[in-house]
Amino acid sequence: MRGQWRWPALAMFAAGYGANQFVPLLAFYRRTLALSDADATAVFGVYALGLIPGLILGGRVSDARGRRPVVLAFTVLSLLATAVLITGQWGVTGLYAGRLLTGVVSGTVFTAGTAWVKELSGEGASGTGARRAALALTAGFGVGPLVAGPLAQWGPAPQVLPYVVHLVLAGTALVMLPRARETLPQVGARASRTPFLPASVSSARFLRVVVPMAPWVFGSVTLAFTTLPAHATGPTGVLGVAFPGLLAAGALAAGLIAQPLGRRLHQAGASRGGTTAAMTGLGIVAAGCVAAALATAFPGVPAASVAALLLGAGYGICLIVGLRETEDIAAAGELGAVIALFYSLAYSGLAVPYVLALLAPHTGYPAALLFTAAAATLTLAAIFLAGRAGYRAGPETNTT
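Quantities reported herein were computed from a predicted structural model and do not represent experimental measurements.

Caption draft 1: Structural detail: the packing of helix 5 (residues 92-120) against helix 14 (residues 335-347). Two numbers describe how helix 5 lies on helix 14: the axes approach to 9 Å, and their chain directions differ by 130°. Taken together, the axis directions place helix 5 and helix 14 in an arrangement best described as oblique. With respect to the hand of their crossing, helix 5 and helix 14 are arranged in right-handed fashion. Every residue of helix 14 that contacts helix 5 at Phe110, Thr111, Thr114, Ala115, Lys118 and Glu119 is listed here: Leu335, Gly336, Ile339, Ala340, Tyr343 and Tyr347. Of the residues contributing to the contact of helix 5 with helix 14, the split by class is 7 nonpolar, 3 polar and 2 charged.

Structure (structure tokens):
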């Protein structure tokens, strides 16, 4: 049956929504639970601790045991994660536990779901699976704060109603997932005794392009979730809690719009190992960091919005390039594990706002963000030089 990829994509959308519905609510909890800056940062960041086992589980276990049982099980678990977050209205412990569990769910569904969507998109053109997965993920990330922010600001029961939307989405995905066929039917005999690092990731393309670029996927757009709302917006008037959600949604909308450009650049530059597309994404990330530095120096809604749009566009291009590269590189039986490694590298970028928070008391946020822009530019230069060296040696042929 054609179109079955839509159901794991829906599960990915629901998981992305669940991951980012918390972005505008963090401002609400700062006030109602009297969270310190350290508490708020820790509650937001504990999500990343859950991602690590989730990413490993989603890739390796789904390669060994099948995509459908893994995505089904963790879509059920996502309902529990959101239910735990609802208890956070009575104390920070519920927020810590819910965010940690959300991280585990997100990592697992993103990796297993991306591989499943790719395999169910076999009838499409090259890169169709990566495009569909990136679209589902980014749309979920963007719609979550866009909906949760206004509900928390103006809706009844702000501690509950924003989460109900995710419960409905995840419940719908759970009902529809059995309609998608398993793409790895002979999974019983495959034990997960594969090496921790799949052989595919030793390729020059992965090492030269994916490894240096991947941390900037979320290292860019996360600044629009954390640093910009806290330090670059100035007074937001009646928008209040809703504005961080709108800012995050705007950044992710820019990411969606930029993804076709990234796809075209990647296709056009495939003979040079994908470096043109990766460098374009990193150049936009660097520009976004410069814009963010200006916004923190001269706070205001317009300045913060421009910075968020640039950071989101850079995120979108880097994400689609990374997924296209993993799709092209992965050998048979290793797709889930390679995707898991890419997402692990990408999510390491969540540390960028934390590093900025450590630097800012000594340098100020404008200078710290200019250092971040310089780091993105150096990454771009490293990929450019590695790509030139690889091209002189002859384009690498993917034999997988």
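Caption draft 2: Inspection of the environment of Ile329 at higher detail. Residue placement: Ile329 occurs in helix 13 (residues 301-329). Taking the relative accessible area as the measure of exposure, Ile329 reaches 4% and is therefore buried. In sequence terms Ile329 and Ser203 are 126 residues apart; their C-alpha atoms lie 7.7 Å from each other.

Caption draft 3: Focus on the side chain of Thr379. Along the polypeptide, Thr379 turns up in helix 16 (residues 365-393). For Thr379, a relative accessible area of 14% translates into the label buried. Within the structure, Thr379 has its side chain in polar contact with the backbone oxygen of Ala375 (distance 2.9 Å). Dropping the residues within four chain positions of it, Thr379 is found in contact with Pro212, Met213, Trp216 and Leu282.

Caption draft 4: Representation of the nonpolar core in the model. Formed by 108 residues in total, the largest nonpolar core has its most connected members in Phe141, Leu228, Leu319, Tyr343 and Tyr347. Here this core gets 13 residues from one element, more than from any other, and that element is helix 13. The residues touching Phe141, leaving out its near neighbours within four places in the chain, are Gly16, Tyr17, Ala19, Asn20, Phe110, Phe218, Leu252, Tyr315 and Tyr347.

Caption draft 5: Quick look at empty space enclosed by the protein. Counted under the stated rule, the structure contains 4 cavities of 30 Å³ or more. Approximately 100 Å³ is the volume found for the largest cavity. Lining the largest cavity, in full, are Ala19, Asn20, Phe44, Tyr47, Arg99, Phe141, Phe218, Thr222, Phe225, Tyr347 and Leu350. Elements represented by at least two residues in the lining of the largest cavity include exactly helix 1 (6-20), helix 3 (37-65) and helix 9 (215-225).

Caption draft 6: Region of interest: the environment of Tyr163. Take Tyr163: it is sitting in helix 7 (residues 161-176). Separated by 141 residues in the primary sequence, Tyr163 and Phe22 have C-alpha atoms spaced 8.9 Å apart. Leaving out residues up to four positions away in the same chain, Tyr163 has contacts with Gln21, Phe22, Leu25, Tyr29, Thr82, Leu85 and Ile86.

Caption draft 7: Molecular detail of the packing of helix 1 against helix 5. At their nearest, the axes of helix 1 and helix 5 sit 9 Å apart, and the two run at 155° to each other. Between helix 1 and helix 5, the angle falls in the class roughly antiparallel. The hand of the helix 1/helix 5 crossing is left-handed. Contacts between helix 1 and helix 5 involve Pro8, Ala9, Ala11, Met12, Ala15, Gly16, Gly18 and Ala19 from the former and Arg99, Thr102, Ser106, Val109, Phe110, Gly113, Thr114, Trp116, Val117 and Leu120 from the latter. Partitioning the contact of helix 1 with helix 5 into residue classes produces 11 nonpolar, 6 polar and 1 charged.

About the thresholds
- Residues numbered from 1 in each chain as written.
- Predicted model: local features only at pLDDT ≥ 70, side-chain atom pairs only at ≥ 80, totals over all residues.
- Heavy atoms only, no water.
- Axes fitted to C-alpha atoms, helices over the stretch in contact; angles between N-to-C directions.
- Helix = DSSP H or I, 4+ residues; strand = E, 2+ residues; numbered from the N terminus.
- Parallel < 35°, antiparallel > 145°, perpendicular 65-115°, else oblique.
- Left-handed = near helix turned anticlockwise from the far one by under 90°.
- Contact = heavy atoms within 4.5 Å.
- Nonpolar A, V, L, I, M, F, W, Y, C, P; charged D, E, K, R; others polar.
- Buried < 20%, exposed > 50% of the residue type's maximum accessible area, 1.4 Å probe, protein only.
- Polar contact = N/O pair within 3.5 Å; in protein donor to acceptor, adjacent residues only side chain to side chain.
- Core = buried A, V, L, I, M, F, W, Y, C linked by side-chain atoms within 4.5 Å.
- 1 Å grid on protein atoms, 1.4 Å probe; cavity = no way out; pocket = protein on both sides within 12 Å on 5 of 7 lines; lining within 4 Å.
- Points joined across faces, edges and corners; volume = space filled by probe spheres on them.

In short, the description is geometric, and any link to function would need to be established separately.
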